[in-house]
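# Structural overview
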Amino acid sequence: MIKIVSKNELIDFYKKYPTDNSFEKRRQELYLDMYDNPLVDALYIYYMDEDEYIGECVLIFRDERKICEFEYEKDLVNKKDACLIKNLWIRDDKRGVGYFTKFLNEIKILAKKKNCRFLNSSVSKDNIHAIDVYKHFNAYEFDKEHFYDDVGKMLFMQINLQ
């Protein structure tokens, strides 16, 4: 089941698990900003199995503030009728048992409720398992492979929600 995370819950999480990593600190600032910024329509989501935390992602419907950290992500959001799955992650000890598929199914339902026709994501070209799971959802690669110094080779994946 998905749980929409409130700003206070996210603040509490960041306090509980502080970081010295400057990139992570910047990401935290961007995510906290999305709650109060009228130029951003996004949700921070936990995936739960009863009360157990399984994984998380950010689902971005509109981002005129540019909470996207990477240049390539800007191509995946703010397109007509599309939203962006960002940082979809499942705990290491919970992988391979279907949680990614269940989480993605619930994300699709939420995206449709927000009138999205397409669900976009970027995936490392080396993450074969994630690419295969997206393809299980009839996702296709669109645009071309991109290389970025900060993250390496990325594929843009798109799921048609209609």
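A count of helices and strands for the protein gives four helices and seven strands. Start at the N end of the protein and walk to the C end: the helices and strands fall as β-α-α-β-β-β-α-β-α-β-β. Among the 162 residues that make up the protein, the fraction classed as buried is 46%. Just so you have it, the protein exposes about 9,100 Å², and 47% of that area is on carbon and sulfur atoms.

Next up on the list: the pattern of salt bridges. Under the counting rule described, the total for this entry stands at ten salt bridges. With a closest N to O distance of 3.5 Å, Arg-91 and Glu-52 form a salt bridge. Of the two residues, Arg-91 is situated in the loop between β4 (82-90) and α3 (99-113) and Glu-52 in strand β3 (residues 52-63); the sequence distance between them amounts to 39 residues. Residue Glu-52 is classed as partly exposed on the basis of its relative accessible area of 31%. Salt bridges here are not isolated pairs; linked through shared partners, they connect Glu-52, Arg-91, Asp-93 and Lys-94.

Across the interface, helix α1 (residues 7-16) lies against helix α2 (residues 22-33) with an axial gap of 10 Å and an inter-helix angle of 165 degrees. Between α1 and α2, the angle falls in the class roughly antiparallel. Every pair of crossing elements has a handedness; the one defined by α1 and α2 is left-handed. Contact residues: α1 offers Lys-7, Leu-10, Ile-11 and Tyr-14, while α2 offers Gln-28, Tyr-31 and Leu-32. Broken down by class, the residue content of the contact of α1 with α2 amounts to five nonpolar, one polar and one charged.

Another aspect to go through is the side chain of Gln-158. With respect to the element layout, Gln-158 can be found in strand β7 (residues 152-160). At 2.7 Å, the side chain of Gln-158 forms a polar contact with the side chain of Asn-120. Here the side chain of Gln-158 touches Tyr-140 through a polar contact of 2.5 Å, side chain to side chain. Once residues within four sequence positions are removed from consideration, Gln-158 is found in contact with Phe-118, Leu-119, Asn-120, Asn-138, Ala-139, Tyr-140 and Phe-142.

Analysis parameters
- Residues numbered from 1 in each chain as written.
- Predicted model: local features only at pLDDT ≥ 70, side-chain atom pairs only at ≥ 80, totals over all residues.
- Heavy atoms only, no water.
- Helix = DSSP H or I, 4+ residues; strand = E, 2+ residues; numbered from the N terminus.
- Buried < 20%, exposed > 50% of the residue type's maximum accessible area, 1.4 Å probe, protein only.
- Areas by Shrake-Rupley, 256 points an atom, 1.4 Å probe, with all protein chains shown as cover.
- Salt bridge = Lys/Arg side-chain N within 4 Å of Asp/Glu carboxyl O.
- Axes fitted to C-alpha atoms, helices over the stretch in contact; angles between N-to-C directions.
- Parallel < 35°, antiparallel > 145°, perpendicular 65-115°, else oblique.
- Left-handed = near helix turned anticlockwise from the far one by under 90°.
- Contact = heavy atoms within 4.5 Å.
- Nonpolar A, V, L, I, M, F, W, Y, C, P; charged D, E, K, R; others polar.
- Polar contact = N/O pair within 3.5 Å; in protein donor to acceptor, adjacent residues only side chain to side chain.

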